[in-house]
Protein chains: 2
Amino acid sequence: VIVGSEGTLAVVTKVWVRLTADPQGYRTLLGIFNSVDDATNAISAIIGAGIVPAALEMMDQGILVAIEAAFKFGFPLDAQAILLIEADGLEAGLDEQRDQIIAFCLQNGACEVRQAKDAKERHLLWKCRKQAFGAVGRLSPSYCTQDGVVPRTKLPYILRRITDIGRKHDIRIVNVFHAGDGNIHPILLFDERDAGQVRRVLAASDEILDECIACGGSVTGEHGIGVEKLHFMHKLFTTDDLAAMERLRIAFNPTGRLSPSKMLPTSAGCGIEIKAPRRRAAV
Amino acid sequence: VIVGSEGTLAVVTKVWVRLTADPQGYRTLLGIFNSVDDATNAISAIIGAGIVPAALEMMDQGILVAIEAAFKFGFPLDAQAILLIEADGLEAGLDEQRDQIIAFCLQNGACEVRQAKDAKERHLLWKCRKQAFGAVGRLSPSYCTQDGVVPRTKLPYILRRITDIGRKHDIRIVNVFHAGDGNIHPILLFDERDAGQVRRVLAASDEILDECIACGGSVTGEHGIGVEKLHFMHKLFTTDDLAAMERLRIAFNPTGRLSPSKMLPTSAGCGIEIKAPRRRAAV
């Protein structure tokens, strides 16, 4: 109950963790695709076959150009999408899993699948992914990223819709995300000194999240509701659902002192006054 | 939150489970001891060394006689206590773990440690343990078992106290329990046609559970509070703790229809009338 409650139920003062051993081995692959559709289809094929890579990340051409400029890994700049795929675990069986993943990529139109040849290359690949957001500064002065999630089978559809929505609002959007989870992170590029662009970015952002809900997904995959997405809660949940969440909140937090304006759109029942959320466009 | 709520919060209609592979191997041991103290000290030594057997069960002489009469395994009838210990997991390392367990038993006064020689003997040993309660019919017409739990280091102490309490109330008590968890199951033997015995059994039973609380344990290790142990809740928890549990109950169960008389001693806050618990002596 506490996990995901965004500080509205309790202050966690102590956590017991279970340490797990590092995996015995890794196979880190880079799949290069001529279209985003091919890449997302390869993802569906891998997951559909019951393979669960430790990581399955997608980057589209827009972000790739910025990453290559920043880290000079040697990404093919004409690739429309790349997948960064890592299998890990016991050494026995890892080569077989790698071969299956390569086969699924090639069957779905990958023009090439490369394997990180050593730990150094693996670390560089991960550095590119982890610091992708830092490289966005090469593309525009401001950006707004979103954290929607859709069923994995809807990935090809949502990525096409993101492109359409960007065109409609005249906002350039690049993508880097946790494809294995269906968790998308479209990055909306703009200049926050231009009030018109800010308005268009917020409109496009809301439209993308509405589309995630329409696909059977959610407006947050891992970063939460906070105050920014309060206005989506009534679209995601019924009044009964929200009332149940509010009762739970009162049970843990009867005086309403814990994150009073977060996560639930109203908390009239526990006498908390909710302020209108302050929207922030740029992160 | 739902786990352990004894049906007071929700009706579970669907459960997702993770299947785990069967262990590759087992080592099943029978440690024979001349005293209950020696057996409980061996348990402390095993657990203290960081070994976590899949099972670590204790039976005292009283229950052993009944089990032997029922299943004819060949238990030594003069043993004051036996430990049934099973290590499992990957074959590699299992022999070493077995040797460590044997050494800890012998260091703590075991007169003998036997290993189940094949799957058939292992199954018979487990049958003896699993059906121990059925064998109690050979000892008395009725029995009342308890489900206390104490820190493992307090096992020698609580077993001595159980013997004392039995003597004080003139009730014979035998023991079979999950020693590895500190979860005791004293079996109080009596004849429920004798009102005086019933009164004495209930008094002894309550005294044992009070002793568990005094040791820093609880009145239930795995079977729950139900209605039988409602009168202990004020001894286990502060008024604030109980109020928090009641608020949680109201959050999930605002109409009070789910197990209204179970687990929490009062539920005045949600307008539920709690009947006085009906005590049952014999199970």
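You'll find the structure just up there.
Computed from a predicted structure; not experimentally measured. (Residues numbered from 1 in each chain as written. Chains lettered and ligands numbered in written order. Predicted model: local features only at pLDDT ≥ 70, side-chain atom pairs only at ≥ 80, totals over all residues. Heavy atoms only, no water.)

A. The arrangement of the relation of the copies chain A and chain B in detail. With an RMSD of 0.0 Å, the operation that places chain A on chain B is a rotation of 180° combined with a shift of 0.1 Å along the axis. Put plainly, the chains are arranged around a two-fold axis. The share of interface residues of chain A whose copies in chain B are also at the interface is 100%, consistent with both copies meeting through the same surface. (Least-squares fit on C-alpha atoms with pLDDT ≥ 70 in both. Contact = heavy atoms within 4.5 Å.)

B. Main features of helix H3 (residues 94–107) of chain B. Residue and element names in this part refer to chain B. Counted at 1.5 Å a residue, the expected span for H3 with its 14 residues is 20 Å, and the 20 Å between its end C-alpha atoms agrees. Along H3, the residues that are buried comprise Leu94, Arg98, Ile101, Phe104 and Cys105. Along the axis of H3, the buried positions cluster into a sector of 125°, meaning they face one direction only. With respect to the buried face of H3, the exposed residues turned more than 90 degrees away are Glu96 and Gln107. On the buried face of H3, the contacting elements are strand S1 (25–33), helix H1 (36–48), strand S3 (81–89) and strand S4 (110–115). Looking one or two residues beyond H3, the residue adopting positive phi is glycine 109, at roughly 95°. (Helix = DSSP H or I, 4+ residues; strand = E, 2+ residues; numbered from the N terminus. Expected span 1.5 Å × (residues − 1). Buried < 20%, exposed > 50% of the residue type's maximum accessible area, 1.4 Å probe, protein only. Arc of directions from axis to C-beta.)

C. Layout of the packing of aromatic side chains. Applying the stated rule across the entire model yields four aromatic pairs over all chains. Taking 4.8 Å as the distance between ring centres and 35° as the angle between the ring planes, the aromatic pair formed by phenylalanine 73 of chain A and phenylalanine 75 of chain A counts as tilted. According to the relative accessible area criterion, phenylalanine 73 of chain A is buried, its value standing at 16%. Judged by centre distance (6.1 Å) and plane angle (40°), the rings of phenylalanine 133 of chain B and tyrosine 143 of chain B are tilted. (Phe/Tyr/Trp six-rings, centres within 6.5 Å; stacked < 30°, edge-to-face > 60°.)

D. Spatial organisation of helix H6 (residues 155–168) of chain B. All names here are of chain B. A rise of 1.5 Å per residue sets the reference length of H6, with its 14 residues, at 20 Å; its end C-alpha atoms lie 20 Å apart and thus fit the reference within 8%. Looking only at H6, the buried set comprises Leu155, Pro156, Ile158, Leu159, Ile162, Ile165 and Gly166. Once H6 ends, the next one or two residues include aspartate 170, with phi positive near 55°.

E. Seen up close, the packing of helix H6 (residues 155–168) of chain A against helix H7 (residues 195–214) of chain A. Residues and elements named next belong to chain A. For the pair H6 and H7, interaxial distance at closest approach is 10 Å and the crossing angle is 155°. The angle between H6 and H7 places the two elements in the roughly antiparallel class. Handedness of the crossing formed by H6 with H7: right-handed. Residues Tyr157, Ile158, Arg161, Ile162, Ile165 and Lys168 of H6 form the contact with H7, whose own contacting residues are Ala204, Glu207, Ile208, Glu211 and Cys212. Per-class residue counts for the contact of H6 with H7 are seven nonpolar, no polar and four charged. (Axes fitted to C-alpha atoms, helices over the stretch in contact; angles between N-to-C directions. Parallel < 35°, antiparallel > 145°, perpendicular 65-115°, else oblique. Left-handed = near helix turned anticlockwise from the far one by under 90°. Nonpolar A, V, L, I, M, F, W, Y, C, P; charged D, E, K, R; others polar.)

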